[in-house]
Number of protein chains: 2
Amino acid sequence: MIGFNRNYFHMNAATTPATKPAAPMLALEHFLPYRLSVLSQLVSTSIHDRYFQPSGLTIPQWRVMAILGRFAPVSASEVCDRTLLDKVTVSRAIAALRQRRLVQRTVDPGDRRRSALGLTPEGQRLHQQIAALALDYERRLLQGLTSAERTALDRLLQKLTGHARAMRMPTSARQPRHPDT
Amino acid sequence: MIGFNRNYFHMNAATTPATKPAAPMLALEHFLPYRLSVLSQLVSTSIHDRYFQPSGLTIPQWRVMAILGRFAPVSASEVCDRTLLDKVTVSRAIAALRQRRLVQRTVDPGDRRRSALGLTPEGQRLHQQIAALALDYERRLLQGLTSAERTALDRLLQKLTGHARAMRMPTSARQPRHPDT
DNA sequence: GGCTGTTAGTTTCATTTGAAACTAATTTCG
DNA sequence: CGAAATTAGTTTCAAATGAAACTAACAGCC
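What you are looking at is a predicted structure, and each value in this text was computed from that prediction instead of being measured.

Trainee: Is there a simple way to explain the packing of helix α6 (residues 147-168) of chain A against helix α5 (residues 121-142) of chain B in this structure?
Mentor: In a packed pair of helices, the relevant descriptors are the angle between the two axes and the axis-to-axis distance. Contact geometry for α6(A) and α5(B): axes closest at 9 Å, N-to-C directions at 125°. By the angle class used here, α6(A) and α5(B) are oblique. Considering only the axes of α6(A) and α5(B), their crossing is right-handed. Here Leu160(A), His163(A), Ala164(A) and Met167(A) of α6(A) lie close against α5(B), whose contacting residues are Tyr137(B), Arg140(B), Leu141(B) and Leu142(B). Counted by class, the contact of α6(A) with α5(B) contains 6 nonpolar, 1 polar and 1 charged residues.

Right under this line is the structure:
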């Protein structure tokens with residue numbers, strides 16, 4: 001172990017002791033973005049390591065499959081919107097998945113730039129397999145939360161995501177495009 | 001817009017309609033890992049784009065600074081544990097931050113492999129600056145949540161993170177090492 | 001029709017990433 | 001003690017990433 005003399009604060013933006021000028025302290029372990037990042041990272045890598053490592057899918061590839069499993073047919077750009085993955089990443093994931101015959105594409109006759117993406121039967125099978133495992137993970141993760149807590153969690157995530165989306169605007173207007181999520 | 005005939009389920013692992021064999025459906029928009037990922041991504045990139053893009057810090061660099069600002073002195077591996085960043089990433093972030101004279105390192109005399117890391121005065125100034133902005137972002141993100149909701153959120157994140165950490169074990173025993181977070 | 005601008009998606013290329021190998025210091029244990 | 005195993009941290013190298021440029025199809029407008 002290394003060293004010591006740490007300052008413990010137990011509120012973010014601790015109101016300073018009146019003697020000092022306002023210098024808000026960042027109590028990292030209570031800082032929401034940090035906590036979200038740690039939790040999300042933890043969960044994503046757990047699931048990846050355990051469940052779809054063996055299938056040889058990368059995380060973006062799995063995300064795309066998950067979207068398709070749920071919302072097909074969709075266009076690539078809708079996948080981007082829903083996953084927040086970069087369009088390059090999505091383009092490559094789709095290419096790889098098509099190569100493996102897990103995803104199929106049909107050019108939209110009304111607009112030949114777009115294409116409708118969906119899972120092949122084989123893709124559906126794999127999706128089903130991984131989905132079962134992922135849901136099991138989620139179930140275990142949520143064990144110990146009461147039904148009320150789950151409801152609360154649901155509402156909170158919804159609210160926060162809504163705010164976060166609203167607050168993101170600056171980077172040149174973006175289409176919301178998805179009522180749900 | 002593309003296409004259509006979507007299935008709407010509004011619960012994860014929807015109990016199947018008795019006529020079909022159990023095929024749990026992954027209702028992505030209700031799937032916790034997915035929602036966490038989207039939210040966390042949204043928040044992290046918002047903060048990055050707005051606040052420390054100008055300082056020229058990368059996300060890992062900022063994370064390291066945030067840890068040091070809060071917990072210095074710490075070793076590099078403790079930074080890894082706390083951020084869940086890869087040790088290579090941390091090593092490089094530290095190298096860059098030292099180059100910029102934002103971070104300083106003192107070799108631990110008791111164990112000359114380790115070093116105690118901390119912010120330089122200049123690093124502290126920058127940290128302080130960014131922290132203020134980040135906290136402001138957090139404040140705005142949490143606006144609209146009642147005090148009770150915030151408490152609930154806090155508890156939920158704590159619980160979930162605890163579970164997630166516990167469930168991660170498989171990948172060859174890991175030291176918990178941090179009571180907090 | 002035919003410019004001008006926009007959108008869907010891909011390709012290029014320089015940067016970032018992380019697994020694996022490595023160095024160096026420390027600990028374990030016969 | 002000293003060989004073998006472990007840990008902190010760095011370097012290497014191949015793969016993943018994403019910003020910017022590009023292609024192709026569409027939309028608006030005169």
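Don't stop here, the text continues.
Trainee: Help me out: how do you make sense of the nonpolar core in this one?
Mentor: Looking at soluble globular proteins, one finds that nonpolar side chains tend to be buried together. Leu57(A) and Leu57(B) are the most contacted members of the largest nonpolar core, which has 98 residues in total. Residues in contact with Leu57(A), not counting those within four places in the same chain, are His48(A), Phe52(A), Trp62(A), Met65(A), Leu97(A), Arg100(A), Leu102(A), Leu126(A) and Ile130(A).

Trainee: Honestly, the interface of chain A and chain B in this entry has me stumped. Any pointers?
Mentor: A common way to express how large an interface is: the accessible area buried when the components associate. Between chain A and chain B, the residue contacts involve 88 residues of the former and 88 residues of the latter. Both faces combined, the contact of chain A with chain B buries some 8100 Å², and carbon together with sulfur accounts for 65% of it. Summed over the shared surface of chain A and chain B, the result is 8 salt bridges. Between Arg35(B) and Asp154(A) there is a salt bridge, with the nearest N and O atoms lying 2.7 Å from each other. Taken together, the links from chain A to chain B amount to 20 residue pairs in polar contact (both at pLDDT 80 or more). Of all the secondary-structure elements, those providing two or more residues to the side of chain A that touches chain B are α1 (32-52), α2 (59-71), α3 (76-83), β2 (115-119), α5 (121-142) and α6 of chain A. Each residue belonging to the side of chain A that touches chain B can be placed in one class, and the counts come to 47 nonpolar, 21 polar and 20 charged.

Trainee: How should I be thinking about the relation of the copies chain A and chain B in this particular structure?
Mentor: Comparison of the two chain copies shows a relationship of rotation about an axis with a shift along it. Least-squares fitting of chain A to chain B yields an RMSD of 0.1 Å, with the superposition described by an axial translation of 0.0 Å and a rotation of 180°. Here the copies are linked by what is in effect a two-fold axis. Interface residue correspondence from chain A to chain B reaches 100%, placing this contact among same-surface, isologous pairings.

Trainee: Help me understand unusual backbone geometry, please; the structure alone is not making it clear to me.
Mentor: Excluding glycine, most residues fall at negative phi; most peptide bonds, likewise, are trans. Geometrically, the link from Ala72(A) to Pro73(A) is a cis peptide bond, its omega value of -5° lying close to zero. Looking at the element boundaries, Pro73(A) is found in the loop between α2 and α3. Despite not being glycine, Arg101(B) has its phi angle at roughly 60°, a positive value. Structurally, Arg101(B) can be placed in the loop between α4 (87-99) and β1 (103-107). Residue classification places Arg101(B) among the exposed positions, given a relative accessible area of 62%.

Trainee: Explain the protein's contact with DNA strand D to me, please; I cannot follow it from the model alone.
Mentor: Near DNA strand D you find 20 residues, and of these Arg92(A), Arg112(A), Ser77(B), Ser91(B) and Arg113(B) are the closest. Counting only atoms of DNA strand D within 4 Å of the protein, the sugar-phosphate share comes to 55%. Within the contact set of DNA strand D, a phosphate oxygen lies 2.6 Å away from a side-chain nitrogen or oxygen of Ser91(B). One of the side-chain nitrogen or oxygen atoms of Arg114(B) is found 3.5 Å away from a phosphate oxygen of DNA strand D. Mapped onto the surface near DNA strand D, the elements with two or more residues apiece are α4 (87-99) of chain A together with α3 (76-83) and α4 of chain B. Top element by residues in the surface near DNA strand D is α4(B). It accounts for 4 residues. Broken down by class, the residue content of the surface near DNA strand D amounts to 3 nonpolar, 6 polar and 11 charged.

Cut-offs and rules
- Residues numbered from 1 in each chain as written.
- Chains lettered and ligands numbered in written order.
- Predicted model: local features only at pLDDT ≥ 70, side-chain atom pairs only at ≥ 80, totals over all residues.
- Heavy atoms only, no water.
- Axes fitted to C-alpha atoms, helices over the stretch in contact; angles between N-to-C directions.
- Helix = DSSP H or I, 4+ residues; strand = E, 2+ residues; numbered from the N terminus.
- Parallel < 35°, antiparallel > 145°, perpendicular 65-115°, else oblique.
- Left-handed = near helix turned anticlockwise from the far one by under 90°.
- Contact = heavy atoms within 4.5 Å.
- Nonpolar A, V, L, I, M, F, W, Y, C, P; charged D, E, K, R; others polar.
- Core = buried A, V, L, I, M, F, W, Y, C linked by side-chain atoms within 4.5 Å.
- Buried < 20%, exposed > 50% of the residue type's maximum accessible area, 1.4 Å probe, protein only.
- Buried area = accessible area lost by both parts, 1.4 Å probe.
- Salt bridge = Lys/Arg side-chain N within 4 Å of Asp/Glu carboxyl O.
- Polar contact = N/O pair within 3.5 Å; in protein donor to acceptor, adjacent residues only side chain to side chain.
- Least-squares fit on C-alpha atoms with pLDDT ≥ 70 in both.
- Near = heavy atom within 4 Å.

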